[in-house]
Amino acid sequence: MKHGFNRRQVVTAGPARIGIFDSGVGGLTVLREIYRQLPNESVLYFGDTARLPYGSRSPEEILYFVRQILTWMAHQGVKMVMMACNTSSALALDQVQSEFSFPILGLIRPGAQAATRVGRRIGVIATEATVNSQAYLNAIQELAPHVPVWQGSCPKFVPIVEANQLKTPYARQTAERYLQPLLAAQVDTLIYGCTHYPHLAPVLKTILPGQTQYIDPAISMVAAAARELDALGLRSHTPAWSTEFYVSGSAPEFKRLAVQWLGHQPQVRQVRLPAVAIQPVSSPPTPIK
Ligand code: DGL
């Protein structure tokens, strides 16, 4: 199944942008990295806020959502898509890469590569869906079979970030509880296996020992994207960049939340995604509390 345009059409059809998507504001930690490493690129950001958190969704649902988002992005004329969501990268990347004609990058392998370069005892914190997929475990073991890995799912972190409760005692207590097994395992390296979690870095860094190394997979994914854009001759060298924000849920809510990381009130529009051929098998889960 092929969706969208072929690569040449995308490049010549208009302002070729990089698409990034997440369930919500987690993708802003990836956007920050794009601004740093690819400052001339225009970005199309999609936050699937009506359906977050993705971490409690089934693999079928996640695959369906990702296909919908990519189909919509294909029609917006993107030249590349970076999944700014580990859950989507873990559950859908392999399937969708061959279904679309533009390059699609995920976070798992770049994160595992960065972690195995420095870590001897690696901890991964991620959503339930990502942990259950074993994607990080498999990627790390493939690269460094003798390096022990501890994984922990942190289902309350995404609701804490999305409800802007980062600085509350509840956030701290929750983080202490989630990190306890990793502290006991004496991990020397921690992978932020969900793009929402770097927003919690100020809390996490006060709980783990000072020498802990933190891996944000976005840094390596964006570096890989830069190399791929160069190899394909698709990199923008004109400094007139812009970012357009779209969400599936409330635009004002996203705007209010995002301003603290962006430093300005972004323009945000709500969009209805197209239905695609393959339907999810499970029923919609309960909304975020
Ligand atoms: N930020 C996403 C991730 O990296 C999704 C989190 C969620 O919605 O549960 O996995």
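Residues numbered from 1 in each chain as written. Predicted model: local features only at pLDDT ≥ 70, side-chain atom pairs only at ≥ 80, totals over all residues. Heavy atoms only, no water.

A.B. asks: Looking at this structure, I do not really get the environment of Gly152. What am I missing?
C.D. replies: Along the chain, Gly152 turns up in strand S6 (residues 149-153). Using a relative accessible area of 17% as the deciding quantity, one classes Gly152 as buried. Once the C-alpha coordinates of Gly152 and Val131 are considered, the two residues, 21 residues apart in sequence, prove to be 7.0 Å apart. Sequence-distant contacts of Gly152, that is, excluding residues within four places in its chain, are made with Val124, Ile125, Ala126 and Val131. (Helix = DSSP H or I, 4+ residues; strand = E, 2+ residues; numbered from the N terminus. Buried < 20%, exposed > 50% of the residue type's maximum accessible area, 1.4 Å probe, protein only. Contact = heavy atoms within 4.5 Å.)

A.B. asks: Even after reading the chapter, I still don't get the sheet that holds strand S1 (residues 17-22), so can you show me in this structure?
C.D. replies: Sheet strands pair by backbone hydrogen bonding; their relative direction is either parallel or antiparallel. If you walk across this open sheet you meet the 6 strands as S4-S3-S1-S2-S9-S10, and the pairing is parallel. Of all the strands in the sheet, the pair left with one neighbour each is strand S4 (104-105) and strand S10 (268-270). In this sheet, S4 lies alongside strand S3 (residues 78-83) in parallel orientation, the contact comprising 2 bridges. Residue pairing for S4: Val81 is matched across the bridge by Ile104. (Pairing = 2+ DSSP bridges.)

A.B. asks: Help me out: how do you make sense of the environment of Cys85 in this one?
C.D. replies: Along the polypeptide, Cys85 turns up in the loop between S3 and helix H4 (86-96). We classify Cys85 as buried; its relative accessible area is 3%. Note: C-alpha distance between Cys85 and Ala218 (133 residues apart in sequence) is 9.5 Å. Those residues within four positions of Cys85 in sequence are excluded, and the remaining contacts are Phe21, Asp22, Tyr54, Leu107 and Thr195.

A.B. asks: Just checking my understanding: could you explain the sheet that holds strand S8 (residues 213-215) for this structure?
C.D. replies: Spatial strand order, S6-S5-S7-S8: 4 strands in an open sheet with parallel pairing. Looking at which strands have only one partner, the edges of the open sheet turn out to be S6 and S8. Strand-to-strand, the axes of this sheet are offset by a mean angle of 20°, without reference to chain direction. Two strands pair when backbone bridges link them, and strand S5 (residues 122-126) and strand S7 (residues 189-193) are joined in this way by 5 bridges, in the parallel orientation. Looking across to S7, one finds that Ile122 is bridged to Thr189. (Axes fitted to C-alpha atoms, helices over the stretch in contact; angles between N-to-C directions.)

A.B. asks: Is there a simple way to think about the nonpolar core in this case?
C.D. replies: Membership of the largest hydrophobic core comes to 72 residues, with the highest contact counts inside it found for Ile20, Leu28, Met82, Ile125, Phe157 and Phe254. By size, the runner-up hydrophobic cluster in this structure holds 30 residues, among which are Leu44, Tyr54, Ala92 and Phe100. (Core = buried A, V, L, I, M, F, W, Y, C linked by side-chain atoms within 4.5 Å.)

A.B. asks: Looking at this structure, I do not really get the site of the ligand. What am I missing?
C.D. replies: In the vicinity of the ligand, 13 residues are found, and the nearest of them are Ser23, Tyr54, Gly55, Asn86 and Thr87. Contacts to the ligand include Tyr54, whose backbone N or O atom sits 2.7 Å from an oxygen atom. In this structure, His196 approaches the ligand through a side-chain N or O atom, which is 2.8 Å from a nitrogen atom. About the coverage of the ligand: the protein hides 99% of its 300 Å² of free accessible area. Grouping the constituent residues of the shell around the ligand by class yields 5 nonpolar, 7 polar and 1 charged. (Near = heavy atom within 4 Å. Polar contact = N/O pair within 3.5 Å; in protein donor to acceptor, adjacent residues only side chain to side chain. Areas by Shrake-Rupley, 256 points an atom, 1.4 Å probe, with all protein chains shown as cover. Nonpolar A, V, L, I, M, F, W, Y, C, P; charged D, E, K, R; others polar.)

A.B. asks: How should the pattern of salt bridges be read in this particular structure?
C.D. replies: Once their charged atoms are close, side chains differing in charge can pair, the charge on each being opposite to the other. Counted under the stated rule, the structure contains 10 salt bridges. Residue Arg67 pairs with Glu99 through a salt bridge whose shortest N-O separation is 2.5 Å. Placement of Arg67 in helix H3 (residues 59-75) and of Glu99 in the loop between H4 and S4 is noted, with a sequence separation of 32 residues between them. A single burial state applies to Arg67 and to Glu99, both of which are buried. Its salt-bridge partner being Arg269, residue Glu244 comes within 3.0 Å of it at the nearest N-O pair. Of the two residues, Glu244 is situated in strand S9 (residues 243-247) and Arg269 in strand S10; the sequence distance between them amounts to 25 residues. Judged by its relative accessible area of 24%, Glu244 is partly exposed. Taking the relative accessible area as the measure of exposure, Arg269 reaches 40% and is therefore partly exposed. (Salt bridge = Lys/Arg side-chain N within 4 Å of Asp/Glu carboxyl O.)

A.B. asks: How do you make sense of the packing of H3 against H4 when you look at a structure like this?
C.D. replies: For any two helices packed against each other, the geometry comes down to the angle between their axes and how far apart the axes lie. Between H3 and H4, the least distance of the axes is 9 Å, while the angle of their chain directions is 70°. The angle between H3 and H4 places the two elements in the roughly perpendicular class. Between H3 and H4 lies a crossing of right-handed hand. Contacts between H3 and H4 involve Pro59, Ile62, Leu63, Val66, Arg67 and Leu70 from the former and Thr87, Ser88, Leu91, Ala92, Gln95 and Val96 from the latter. Of the residues contributing to the contact of H3 with H4, the split by class is 8 nonpolar, 3 polar and 1 charged. (Parallel < 35°, antiparallel > 145°, perpendicular 65-115°, else oblique. Left-handed = near helix turned anticlockwise from the far one by under 90°.)

A.B. asks: Which parts of the structure should I look at to understand helix H11 (residues 217-232)?
C.D. replies: Turn by turn, an α-helix covers 3.6 residues, leaving residues three or four places apart pointing in a common direction. In this model, H11 (16 residues) spans 22 Å end to end at C-alpha, consistent with the 22 Å of a helix rising 1.5 Å per residue. Residues of H11 that are buried: Pro217, Ala218, Ser220, Met221, Val222, Ala225, Ala226 and Leu229. Gly233 lies just past H11 and shows a positive phi near 70°. (Expected span 1.5 Å × (residues − 1).)

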